[in-house]
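Reading the structure
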Amino acid sequence: MPDLTISSTLHSSGRVLALNGEIDMATESRFQEAVTEALTTQPHGRVVLDCTELRFIDSSGLRVLIRAHKTAKEQQALLAVAAPAHRVMQTLRVTSLDTRIPVFGTVTEALTAPNSQ
């Protein structure tokens, strides 16, 4: 059964959510809750989704990303994706989400990039 673990770490420049596993219908609500909480506790801040260990994301996970991106913009916060695996990056590209949500090669780059949102 696909599973997802999410760990949250607060850094001086933002909150990092490390995603490990798969985001699909079975794990969508857990992902939504974690992202919403992170954005709520980081108003006008930065939330980085560390996708180093994320193996898969389907349309339900993409819906969460779109909602989170909208929420971040409303709060003048930055939502960023960091270190996506090839398969995840392909999904972001095919759906053009990589043109709306900033994607960085590493978590450090995502934490230190200027907030141009």
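A short tour of the structure in this document, coming up. (Residues numbered from 1 in each chain as written. Predicted model: local features only at pLDDT ≥ 70, side-chain atom pairs only at ≥ 80, totals over all residues. Heavy atoms only, no water.)

Glancing now at the environment of T108. Structurally, the position occupied by T108 is in helix α4 (residues 107-112). Distance from T108 to K73, taken between C-alpha atoms, is 21 Å for residues 35 residues apart in sequence. (Helix = DSSP H or I, 4+ residues; strand = E, 2+ residues; numbered from the N terminus.)

In this section: the pattern of salt bridges. Per the stated rule, a full pass over the model turns up three salt bridges. Note that R30 and D3 form a salt bridge whose closest N and O atoms lie 3.2 Å from each other. Taken as a pair, R30 in helix α1 (residues 28-41) and D3 in the segment before β1 (4-11) lie far apart in primary sequence, 27 residues in all. Its relative accessible area of 39% is what places D3 among the partly exposed residues. Note that R67 and E28 form a salt bridge whose closest N and O atoms lie 3.7 Å from each other. You can see R67 sitting in helix α2 (residues 59-74) and its partner E28 sitting in helix α1, a full 39 residues away along the chain. (Salt bridge = Lys/Arg side-chain N within 4 Å of Asp/Glu carboxyl O. Buried < 20%, exposed > 50% of the residue type's maximum accessible area, 1.4 Å probe, protein only.)

This paragraph deals with the nonpolar core. Core analysis: the largest hydrophobic core is formed by 27 residues, its most contacted members being L19, F31, L49, L54, L65 and L92. Those elements that provide at least two residues to this core are β2 (14-23), α1, β3 (46-57), α2, β4 (78-82) and α3 (86-94). Residues in contact with L19, not counting those within four places in the same chain, are L4, T5, I6, F31, L49, D50, C51, E53 and L54. Judged by nonpolar contacts, the second largest core, of nine residues, contains V16, V48, A80 and F104. (Core = buried A, V, L, I, M, F, W, Y, C linked by side-chain atoms within 4.5 Å. Contact = heavy atoms within 4.5 Å.)

Of all five residues in β4, five are buried; the element is thus mostly enclosed. The alternating pattern of β4 places L78, A80 and A82 and L79 and V81 on opposite faces, both of which are buried. The handedness of the β3 to β4 crossover, carried by α2, is right-handed. Examined bridge by bridge, β4 and strand β5 (residues 103-104) share two bridges and lie parallel to one another. Opposite A82, over in β5, you have F104 as the bridge partner. At this point the chain moves from β4, through α3, to the parallel β5, and the crossover so formed is right-handed. (Right-handed = clockwise from strand over helix to strand, strands pointing away. Pairing = 2+ DSSP bridges.)

We now examine α2. Relative to the 22 Å expected for 16 residues at 1.5 Å per residue, α2 spans 23 Å between its end C-alpha atoms, a close match to the ideal helical length. All of the buried residues in α2 are S60, G61, L62, V64, L65, A68, H69 and A72. For α2, the secondary structure elements touched by its buried residues are β2, α1, β3, β4 and α3. Of the residues trailing α2, Q76 is marked for its positive phi of about 55°. (Expected span 1.5 Å × (residues − 1).)

With that out of the way, let us pick up the environment of V81. Here V81 lies in strand β4. Classification of V81 as buried rests on a relative accessible area of 2%. Considering only alpha carbons, one finds V81 and C51, 30 residues apart in sequence, at a separation of 6.9 Å. In this view, V81 contacts L49, C51, L92, I101, P102, V103 and F104; residues no more than four positions away in its chain are not counted.

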